Amino acid sequence: MRRKDHYYYRARREGYRSRAAYKLKQLDKKFGIFKGAKAVLDLCCAPGGWLQVAREGVGNEGVVVGVDINKISSINGVTFICGDIVKEETLNRVLSVCEEFDVVLSDCSPNVSGIWSVDHERQMFLARASLEIAKRVLKNGGTLVIKAFQGSEYASFLSEVKQHFGFVRTTKPEASRKTSAEMYIVAKNFRRL
Ligand SMILES: C[S@@+](CC[C@H](N)C(=O)[O-])C[C@H]1O[C@@H](n2cnc3c(N)ncnc32)[C@H](O)[C@@H]1O
């Protein structure tokens, strides 16, 4: 089991469903993820820490849609879709709620096998699926925040992201464990090719 750290206890104290909430808060502080955003799609959202932060980010008038293969308990003002992000039918369900988003978030992690190359490949598969969805639903000028495990496919994935966005930065928020190979790619100014 993972060590319970400062962010774990802080999340419990402050009512966030995951310590991951602080990663998104830190990314928002640095990059203004939710500035002017009215609609946010959160891929791989369970248990819902990022959804809570997105809800705060867009305010009461905004639309927040979350997707995960695992169910979550409901969050006020959030539409949750239980589905696999890799399946086309899941995208269709998202589009039936909202056709265009200002921000797409993706914090996907596969079931880890413990074999690094396998886990990296599986995670990259989910990150690529998220990028494909973002390309379908993002407004021009929109923002994508996406987790990617560093490994052999990371550089080529980053180049793919760069083809579609005017501004791309990679970063590791303080709340991300030092021992974790995860990086966060923040891509702004989406351009439909
Ligand atoms: C690190 S957690 C996300 C934490 C979330 N950002 C939060 O703040 O609570 C990763 C999630 O990816 C989801 N996931 C993995 N593969 C998926 C898939 N194919 N479709 C949808 N969700 C998936 C898992 O069920 C898990 O809930």
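**Comments concerning the packing of aromatic side chains**
Part 1 of the reasoning: In this structure the tally under the stated criterion is seven aromatic pairs.
Part 2 of the reasoning: Considering the side-chain rings of Tyr 7 and Tyr 22, the 5.6 Å spacing of their centres and the 35 degrees angle between planes classify their relative orientation as tilted. Of this pair, Tyr 7 sits in helix H1 (residues 6-14) while Tyr 22 sits in helix H2 (residues 21-31), placing them 15 residues apart in sequence. An identical accessibility class is assigned to Tyr 7 and Tyr 22; each is buried.

**What about the site of the ligand?**
Part 1 of the reasoning: What surrounds the ligand is a group of 20 residues, the closest being Ser 18, Trp 50, Asp 68, Asp 84 and Asp 107.
Part 2 of the reasoning: In the environment of the ligand, an oxygen atom lies 3.2 Å from a nitrogen or oxygen atom belonging to the backbone of Ala 46.
Part 3 of the reasoning: Asp 107 has a polar side-chain atom sitting 2.8 Å from a nitrogen atom of the ligand.
Part 4 of the reasoning: With the chains in place, 85% of the 600 Å² that the ligand exposes on its own is no longer accessible.
Part 5 of the reasoning: When the residues that make up the shell around the ligand are grouped by side-chain class, the tally is 10 nonpolar, six polar and four charged.

**Concerning the pairing of strand E7 (residues 182-190)**
Part 1 of the reasoning: In terms of burial, E7 is largely enclosed, as seven of its nine residues are buried.
Part 2 of the reasoning: As paired strands, strand E6 (residues 165-171) and E7 are joined by six bridges and run antiparallel to one another. Bridge assignment links Arg 169 to a residue of E7, and that residue is Val 186.

**As for helix H3 (residues 49-58)**
Owing to its 3.6 residues per turn, the α-helix aligns residues three or four sequence positions apart on the same side.
Part 1 of the reasoning: Buried residues dominate H3, accounting for eight of its 10 residues.
Part 2 of the reasoning: Of the positions making up H3, those classed as buried are Gly 49, Trp 50, Leu 51, Gln 52, Val 53, Ala 54, Arg 55 and Val 58.
Part 3 of the reasoning: One or two positions beyond H3, positive phi appears at Gly 59, with a value near 75 degrees.

**Structural notes on the packing of helix H4 (residues 88-97) against helix H5 (residues 116-137)**
Part 1 of the reasoning: Between H4 and H5, the shortest axis-to-axis distance is 12 Å and the interhelical angle comes to 35 degrees. Between H4 and H5 lies a crossing whose hand is right-handed. Contacts between H4 and H5 involve Glu 88, Leu 91 and Leu 95 from the first element and Ile 133, Arg 136 and Val 137 from the second.
Part 2 of the reasoning: Here the contact of H4 with H5 is composed, by residue class, of four nonpolar, no polar and two charged.

**Some details on the sheet that holds strand E5 (residues 138-149)**
Note: strands within a sheet are paired through backbone hydrogen bonds, in either parallel or antiparallel orientation.
Part 1 of the reasoning: In space, the seven strands of this open sheet follow the order E3-E2-E1-E4-E5-E7-E6, with mixed pairing throughout. The strands lining the two open edges of the sheet, one partner per strand, are strand E3 (78-82) and E6. Between one strand axis and the next, the sheet turns by 15 degrees as a mean value, whatever way the strands run.
Part 2 of the reasoning: Bridge count between strand E2 (residues 63-68) and E3: five bridges; the pairing is parallel.

How each quantity is defined
- Residues numbered from 1 in each chain as written.
- Predicted model: local features only at pLDDT ≥ 70, side-chain atom pairs only at ≥ 80, totals over all residues.
- Heavy atoms only, no water.
- Phe/Tyr/Trp six-rings, centres within 6.5 Å; stacked < 30°, edge-to-face > 60°.
- Helix = DSSP H or I, 4+ residues; strand = E, 2+ residues; numbered from the N terminus.
- Buried < 20%, exposed > 50% of the residue type's maximum accessible area, 1.4 Å probe, protein only.
- Near = heavy atom within 4 Å.
- Polar contact = N/O pair within 3.5 Å; in protein donor to acceptor, adjacent residues only side chain to side chain.
- Areas by Shrake-Rupley, 256 points an atom, 1.4 Å probe, with all protein chains shown as cover.
- Nonpolar A, V, L, I, M, F, W, Y, C, P; charged D, E, K, R; others polar.
- Pairing = 2+ DSSP bridges.
- Axes fitted to C-alpha atoms, helices over the stretch in contact; angles between N-to-C directions.
- Left-handed = near helix turned anticlockwise from the far one by under 90°.
- Contact = heavy atoms within 4.5 Å.

Worth remembering: the numbers are spatial, not functional.
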